[in-house]
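# Structural features, examined
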Amino acid sequence: MRGIGGGGLISQPLPLVLALLFVGGATAWAVALRAEGNAPAVLNAANEVAVAAFLDRKLSFTNIAAIIAATLDKVPIASAATLDEVLAADATGRAVARD
């Protein structure tokens, strides 16, 4: 996905950044991105699922943020100290976001 900032100063995917700016709810994302454990992996997984649905015209742009927020609310924070735990968080985030 394409980040904004040209020089790599901002590495978040453009749809996530736009969702934060235009839809609101930046607090949940700020907390998730700074959180330890699986929250960043869950956020990223939900974002990828929501953006894919948007690109497939199955979801409106303004609902991207809602899918991400709902996923973050549903997936409990857990450890992500190993690669297996990160991959499990990604899989869980994707599954919850698709539902």
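Residues numbered from 1 in each chain as written. Predicted model: local features only at pLDDT ≥ 70, side-chain atom pairs only at ≥ 80, totals over all residues. Heavy atoms only, no water.

### Description of unusual backbone geometry
- Notably, Arg57 is not glycine yet its phi reads approximately 60 degrees, a positive angle.
- Mapping Arg57 onto the fold places it in the loop between α3 (39-55) and α4 (64-74).
- In this structure Arg57 comes out as exposed when scored by relative accessible area, which is 79%. (Helix = DSSP H or I, 4+ residues; strand = E, 2+ residues; numbered from the N terminus. Buried < 20%, exposed > 50% of the residue type's maximum accessible area, 1.4 Å probe, protein only.)

### Here's the deal with the packing of α3 against helix α5 (residues 83-98)
- Running from N to C, α3 and α5 point in directions that differ by 40 degrees, and their axes come no closer than 8 Å. Relative to α5, the element α3 lies oblique. Where α3 crosses over α5, the handedness of that crossing is right-handed. Taken together, the residues of α5 that come into contact with α3 (itself represented by Ala41, Val42, Ala45, Ala46, Glu48 and Val49) are Val86, Ala89, Asp90, Gly93, Arg94, Ala97 and Arg98.
- Residue composition of the contact of α3 with α5, grouped by class: eight nonpolar, one polar and four charged. (Axes fitted to C-alpha atoms, helices over the stretch in contact; angles between N-to-C directions. Parallel < 35°, antiparallel > 145°, perpendicular 65-115°, else oblique. Left-handed = near helix turned anticlockwise from the far one by under 90°. Contact = heavy atoms within 4.5 Å. Nonpolar A, V, L, I, M, F, W, Y, C, P; charged D, E, K, R; others polar.)

### Topic: the nonpolar core
- Val42, Ile64, Ile68 and Leu72 are the most contacted members of the largest nonpolar core, which has 14 residues in total.
- If you list the elements that add at least two residues to this core, you get α3, α4 and α5.
- The dominant element in this core, judged by the number of residues it contributes, is α3, at seven residues.
- In this structure Val42 touches Thr71, Leu72, Val75, Ala89 and Gly93, once residues within four positions along its chain are discounted. (Core = buried A, V, L, I, M, F, W, Y, C linked by side-chain atoms within 4.5 Å.)

### Structural notes on the pattern of salt bridges
- Tallying each qualifying case throughout the model produces two salt bridges.
- As a salt-bridge pair, Arg94 and Glu48 come within 2.5 Å of each other at their nearest N and O atoms. One end of the pair, Arg94, is in helix α5; the other, Glu48, is in helix α3, with 46 residues separating them in the sequence.
- Exposure remark for Glu48: the relative accessible area of 29% places this residue in the partly exposed category.
- Close ionic contact of Asp90 with Arg94 constitutes a salt bridge, the shortest N to O distance being 2.7 Å. Here Asp90 and its partner Arg94 are both found in helix α5, four residues apart, which amounts to about one turn of the helix.
- If you follow the salt bridges from partner to partner, you end up with Glu48, Asp90 and Arg94 in one network. (Salt bridge = Lys/Arg side-chain N within 4 Å of Asp/Glu carboxyl O.)

### Here we look at the packing of α4 against α5
- Remark: α4 packs on α5, axes separated minimally by 9 Å, with the N-to-C direction vectors making an angle of 120 degrees. When the axis of α4 is compared with that of α5, the two are oblique. Crossing geometry of α4 relative to α5 is assigned as right-handed. When α4 is examined against α5, the residues Ile67, Thr71 and Lys74 are found in contact with a partner set consisting of Gly93, Val96 and Ala97.

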